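Close look at the chain arrangement
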Amino acid sequence: MKKQIKALSAIAAVAACTLILAACANNTSSKSSSSSISSSGTSSSTSSSSSESSSKDISSSSEEAKEPSESVVGKVIQNDGKVIEISVYTTEAPIDDYASLDAETLTDSGETGQIEVDDKTEYFVASSGELAAAEAGDVKEGDIVAETTTAEGGQQIIILEGAASQPETAEDGGSDKAIDIKIAEVTAVTDNTISLTLYSPTDSTAENQVTDPASIEMSNYTASTTTEEFTISANAVVKECKDGAASDMEASKIAVGDMLAIYTDADGVETIMVYHSKA
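Below you will find a few notes about this structure. (Residues numbered from 1 in each chain as written. Predicted model: local features only at pLDDT ≥ 70, side-chain atom pairs only at ≥ 80, totals over all residues. Heavy atoms only, no water.)

Points about the environment of Asp203
- Summarising the element assignment, Asp203 is placed in the loop between strand 9 (193-201) and strand 10 (221-231).
- Along the backbone, Asp203 and Tyr221 are 18 residues apart, and their C-alpha atoms lie at a distance of 8.4 Å. (Helix = DSSP H or I, 4+ residues; strand = E, 2+ residues; numbered from the N terminus.)

Encoded structure:
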């Protein structure tokens, strides 16, 4: 009987050990599973951070792409509505305020360029320190303009306020600045050489100071005793004046008795305004 009790006790002890070992195994497995879940969560967080970083990089790239491009400034040679041909001007420093830009600070580079425009181009004119809306047709020969690109990629043409202060020829409509000009009467013509009698103002008042070579009142001038021989250069611009307007003409049509207004325009070109004799 005692042997049977000892055998049962031994079996019970083995069973208890088996249960304890099973419990330990389950606990270890649970911790391992928990650790695995925690590791997975860390990986997910890292992926999210990477996504945010990528998003920031794309946003930054997009903003840089919208930076305005460098402006182009120049004096208008011709505008046909599709292409504005200009004499390119340079500036000492980048232009920050077009509305208040002084055109006298610009320098002619001696080069020419073209600005292509379309129906989406916006036009403005600088006046009294502000920009006002303008039209494509407001861009005239002789104006100084700037081409800029907005942050959204739109093209803008700005007619600078300083353009009005530039010396203008009769074709530009005149200006308020007196022009250094020679008034003379043609007395003989031999090929490209003409004989002249120089004229001088009847008085020295401001009304006799020429500001528009196409609208000179010749009765305000009197013949002097000075004569000279004048040779017309091959690059000279010759125009005939009628009723305050000037139009191109050939130098060969200059005749004895014509009155001439000879000067150098703002671009350094020799210009001859011809007032035909009314006789």
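A word on the side chain of Glu240
- On the secondary structure map, Glu240 appears in strand 11 (residues 237-242).
- Buried and unpaired, Glu240 has no salt bridge, with Lys242 as the nearest side chain of opposite charge at 4.6 Å.
- Within the structure, Glu240 has its side chain in polar contact with the side chain of His276 (distance 2.9 Å).
- Among all residues touching Glu240, those that are not within four sequence positions of it are Ala245, Ala246, Ser247, Met249, Val274 and His276. (Buried < 20%, exposed > 50% of the residue type's maximum accessible area, 1.4 Å probe, protein only. Lys, Arg positive; Asp, Glu negative; His and termini not counted. Salt bridge = Lys/Arg side-chain N within 4 Å of Asp/Glu carboxyl O. Polar contact = N/O pair within 3.5 Å; in protein donor to acceptor, adjacent residues only side chain to side chain. Contact = heavy atoms within 4.5 Å.)

Section: the environment of Ile181
- Residue position: Ile181 is located in the loop between strand 7 (155-159) and strand 8 (182-190).
- Remark: the alpha-carbon pair of Ile181 and Val210, spanning 29 residues in sequence, is separated by 7.5 Å.
- Beyond its immediate stretch of four places on either side in the chain, Ile181 contacts Val210, Pro213, Ile216, Ala261, Ile262 and Tyr263.

Considering the sheet that holds strand 8
- Strand order in the open sheet formed by seven strands is 10-9-8-13-14-11-12, and the pairing between neighbours is mixed. With partners counted over all chains shown, the strands left at the sheet margins are strand 10 and strand 12 (245-248), one partner each. This sheet shows a mean twist of 35 degrees between the axes of neighbouring strands, independent of strand direction.
- Across six bridges, the pairing between strand 13 (residues 259-264) and strand 14 (residues 270-275) is antiparallel. (Pairing = 2+ DSSP bridges. Axes fitted to C-alpha atoms, helices over the stretch in contact; angles between N-to-C directions.)

Notes on the side chain of Lys239
- Along the chain, the position of Lys239 falls in strand 11.
- At 2.5 Å, the side chain of Lys239 and the side chain of Asp248 are in polar contact.

Some remarks on the sheet that holds strand 4 (residues 122-127)
- The strand order across the open sheet formed by seven strands is 3-2-1-6-7-4-5, and the pairing between neighbours is mixed. Edge strands, defined here as strands with exactly one partner in the open sheet, are strand 3 (107-116) and strand 5 (130-134). Taking the axes of each pair of neighbouring strands and ignoring which way they run, one obtains an average angle of 35 degrees across the sheet.
- Here strand 6 (residues 144-149) pairs with strand 7 via five bridges, running antiparallel. Of the residues in strand 7, the one forming a bridge with Glu147 is Ile157.

Looking at the pairing of strand 9
- Across six bridges, the pairing between strand 8 and strand 9 is antiparallel. If you follow Ala188 over to strand 9, its bridge partner there is Ser195.
- As consecutive antiparallel partners, strand 8 and strand 9 are separated by two residues, and within that stretch Asp191 has a phi angle of approximately 55 degrees, a positive value.
- For strand 9 and strand 10, the ladder comprises eight bridges, and the chain directions are antiparallel. Along strand 10, the bridge assignment pairs Ile194 with Phe230.

So, unusual backbone geometry
- Here the phi dihedral of Asp191 falls at roughly 55 degrees; this positive angle occurs in a residue that is not glycine.
- Along the chain, Asp191 turns up in the loop between strand 8 and strand 9.

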